[in-house]
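Okay, here's what each chain looks like letter by letter:
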Amino acid sequence: MIATKPFEISKALVWEAYQRVKSNKGAAGIDGQTIEAFDRNVSTNLYRIWNRMSSGSYFPPPVKAVPIPKKSGGERILGIPTVSDRIAQTAVTLVLEPLLEPVFHADSYGYRRGRSAHDALAVTRKRCWQRDWVLEYDIRGLFDNIDHRLLTKALRHHCDEQWVLLLVERWLTAPLQSENGLAVSRTVGTPQGGPLSPILANLFLHYALDRWLSTHHQSVPFCRYADDGILHCRTKAEADRMREHLAARLADCGLEMHPDKTRVVYCKDSRRTGTHEYVQFDFLGYTFRPRVVFGPRGKLCMGFTPAVSRAALKVMRQSIRRWRLHLRSELSVEELARRVNPRLRGWMRYYCRFRGSEFTAVALHFDRLLVRWAMRKFKNLRGRKLRAFSWLKSLRKNEPSLFAHWCGVGSFRAGTMGAQ
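Residues numbered from 1 in each chain as written. Predicted model: local features only at pLDDT ≥ 70, side-chain atom pairs only at ≥ 80, totals over all residues. Heavy atoms only, no water.

A.B. asks: Please clarify how the pattern of salt bridges should be interpreted in this entry.
C.D. replies: Per the stated rule, a full pass over the model turns up 14 salt bridges. Across the pair Arg-140 and Glu-256 runs a salt bridge whose closest N-O atoms are separated by 3.4 Å. Linking Arg-140 in the loop between strand 3 (133-138) and helix 6 (142-145) with Glu-256 in the loop between helix 10 (236-252) and strand 8 (263-266), this pair joins segments that are 116 residues apart in sequence. In this structure, Arg-271 engages Asp-269 in a salt bridge whose closest nitrogen and oxygen atoms are separated by 3.2 Å. A residue is classified by how much of its surface remains accessible, and Asp-269, at 9% relative accessible area, is buried. Within the structure, one salt-bridge network assembled from shared partners comprises Asp-132, Asp-269, Arg-271 and Arg-272. (Salt bridge = Lys/Arg side-chain N within 4 Å of Asp/Glu carboxyl O. Helix = DSSP H or I, 4+ residues; strand = E, 2+ residues; numbered from the N terminus. Buried < 20%, exposed > 50% of the residue type's maximum accessible area, 1.4 Å probe, protein only.)

Right under this line is the structure:
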């Protein structure tokens, strides 16, 4: 007689989870096992995961805690599960996604399939034209402070798969292990970095914020991307009231608004002639502020529009400097282009969606680095900066598609790309 498993879990589900984890790549967890090492005995490894999940004997190992610097200073702890644990978490995520996606609010954009940061930016831009005031808020340490009791209560309301509930509860309390081997147990939060954390965070904030706002403040449109959000108000008084209400609601759910990243902003443009301390805000790497734009009849006027933020520009320039490409004189210019083009294209795809001409500062910074590289690479250009710039101009004319930003910068200046 063949013994049955306590839980019916499809092997195809584990296989699909494995395929998703493999495509995402990622670093090794505390066991040091890479995806390549996992693949050497993939059938046995996947069977072990399925067998333990199906029998209820799967217990997640500690999560590797990796500190990463924040753009605003300080550090954020990123949790890196092992490859096997990422596959198990992804299997649960695949079960939860079709259950929870129909529940989530239309104005929640973070970590959701078919929705992007650009969608959030577009709807925010449109509403800034419609309403004069914005409440910009940020939740301090969201992933570190999620209340386990409230989260599991919400999860049980939508999911009755006992193996899913069992494993989620085990993951929530799995310890974080630092580089020195010290494991710290957890009673709140879900480590940022695991495949399961985003959907759990969205579920928690659906009830903590989205549903509360749509129920008790129906007249206030909002847009949320993970722990960053925007509320659009008609008056400053309404924005100030919403700030108080929002702070109280978050406190009731065990969360806190970040005091330095929460503010009331006036969406100043040609039609709005008032004054206020704050007339700009940052959201998803873009700065919304008054800018000179072409009006409906082709005349110049002041509009409240997004463009890549100064902070994002600084990060990109710093990244380029860290590449130290000017020292790689052993590379050909074609090899150089192959190395940098994926990153340049990624930046352009994201930051040139709105007012792409602002990316010119990064493009010019990179071109200056190319000039330094050429002066080191070619003897006839050493110490001759003007000649090196002429060389670069000639190269760009002869091979305009060699570097990714060359295809776009000219169109940035012409206003044909990302000029929304």
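A.B. asks: When you look at the sheet that holds strand 4 (residues 176-177) in this model, what are you seeing that I'm missing?
C.D. replies: Sheet strands pair via backbone hydrogen bonds, and the direction of the pair is either parallel or antiparallel. Taking strand neighbours across the sheet as the criterion, the four strands line up as 2-1-4-5 in an open arrangement whose pairing is mixed. Only two strands of the sheet have a single neighbouring strand rather than two, namely strand 2 (75-80) and strand 5 (183-184). (Pairing = 2+ DSSP bridges.)

A.B. asks: Looking at this structure, I do not really get a positive patch on the surface. What am I missing?
C.D. replies: Judged by side-chain charge, Lys-314, Arg-321, Arg-322 and Arg-343 come together as a positively charged surface patch. Looking at the positive patch element by element, the count peaks at three residues for helix 11 (residues 310-323). Considering the arrangement of structural elements, one finds Lys-314 in helix 11. Overall, the relative accessible area of 48% leaves Lys-314 in the partly exposed class. (Patch = residues over 30% accessible without salt bridge, like charges linked within 9 Å, V, L, I, M, F, W, Y side chains within 5 Å. Areas by Shrake-Rupley, 256 points an atom, 1.4 Å probe, with all protein chains shown as cover. Lys, Arg positive; Asp, Glu negative; His and termini not counted. Charge placed at Lys NZ, Arg CZ, Asp CG, Glu CD.)

A.B. asks: In this structure, what is going on with the sheet that holds strand 10 (residues 286-294)? I would like to understand it.
C.D. replies: The strand order across the open sheet built from three strands is 9-10-11, with neighbouring strands paired in antiparallel fashion. Two strands lie at the open edges of the sheet, namely strand 9 (281-283) and strand 11 (300-308), each paired on one side alone. On average, adjacent strands in this sheet sit at an angle of 50° to one another, irrespective of strand direction. Judged from the nine bridges that link them, strand 10 and strand 11 form a sheet pairing that is antiparallel. Each bridged residue has a counterpart across the sheet, and for Thr-287 the counterpart in strand 11 is Ala-307. (Axes fitted to C-alpha atoms, helices over the stretch in contact; angles between N-to-C directions.)

A.B. asks: I tried to follow the nonpolar core on my own but got confused; where do I start?
C.D. replies: Among soluble globular proteins, nonpolar side chains are generally buried collectively. Core analysis: the biggest nonpolar cluster contains 67 residues, and Met-53, Ile-87, Val-92, Leu-96 and Trp-163 have the highest contact counts within it. Ranked by residue count, the leading element in this core is helix 9 (residues 197-216), at ten residues. Filtering out sequence-adjacent residues up to four positions away, Val-92 remains in contact with Trp-163, Val-164, Leu-167, Val-168, Trp-171 and Leu-196. Ranked by size, the runner-up nonpolar core spans 51 residues in total, among them Val-265, Leu-325, Phe-354 and Trp-373. (Core = buried A, V, L, I, M, F, W, Y, C linked by side-chain atoms within 4.5 Å. Contact = heavy atoms within 4.5 Å.)

A.B. asks: Just checking my understanding: could you explain the side chain of Glu-238 for this structure?
C.D. replies: For Glu-238, the location among the structural elements is in helix 10. Among buried Asp, Glu, Lys and Arg side chains, Glu-238 stands out as unpaired, with Arg-131 the closest opposite charge at 4.4 Å. Apart from the residues lying within four places of it in its own chain, the contact partners of Glu-238 are Arg-131, Ser-219, Val-220 and Cys-233.

A.B. asks: How do you make sense of the packing of aromatic side chains when you look at a structure like this?
C.D. replies: Each aromatic ring pair is summarised here by two numbers: the centre-to-centre distance and the angle between the ring planes. Enumeration over the complete set of coordinates arrives at 20 aromatic pairs. On the numbers, 6.1 Å between centres and 35° between planes, the contact of Tyr-286 with Tyr-351 is tilted. With Tyr-286 in strand 10 and Tyr-351 in helix 12 (residues 333-351), the pair connects residues that are 65 residues apart, well separated along the chain. Here Tyr-351 falls in the buried class, since its relative accessible area comes to 11%. (Phe/Tyr/Trp six-rings, centres within 6.5 Å; stacked < 30°, edge-to-face > 60°.)

A.B. asks: Help me out: how do you make sense of helix 12 in this one?
C.D. replies: Note on helix geometry: an α-helix contains 3.6 residues per turn, so any two residues three or four positions apart are oriented the same way. Look at helix 12: 25 Å from first C-alpha to last across 19 residues, which is about the 27 Å you get at 1.5 Å a residue. Of the positions making up helix 12, those classed as buried are Val-333, Leu-336, Ala-337, Val-340, Asn-341, Leu-344, Trp-347, Met-348 and Tyr-351. (Expected span 1.5 Å × (residues − 1).)

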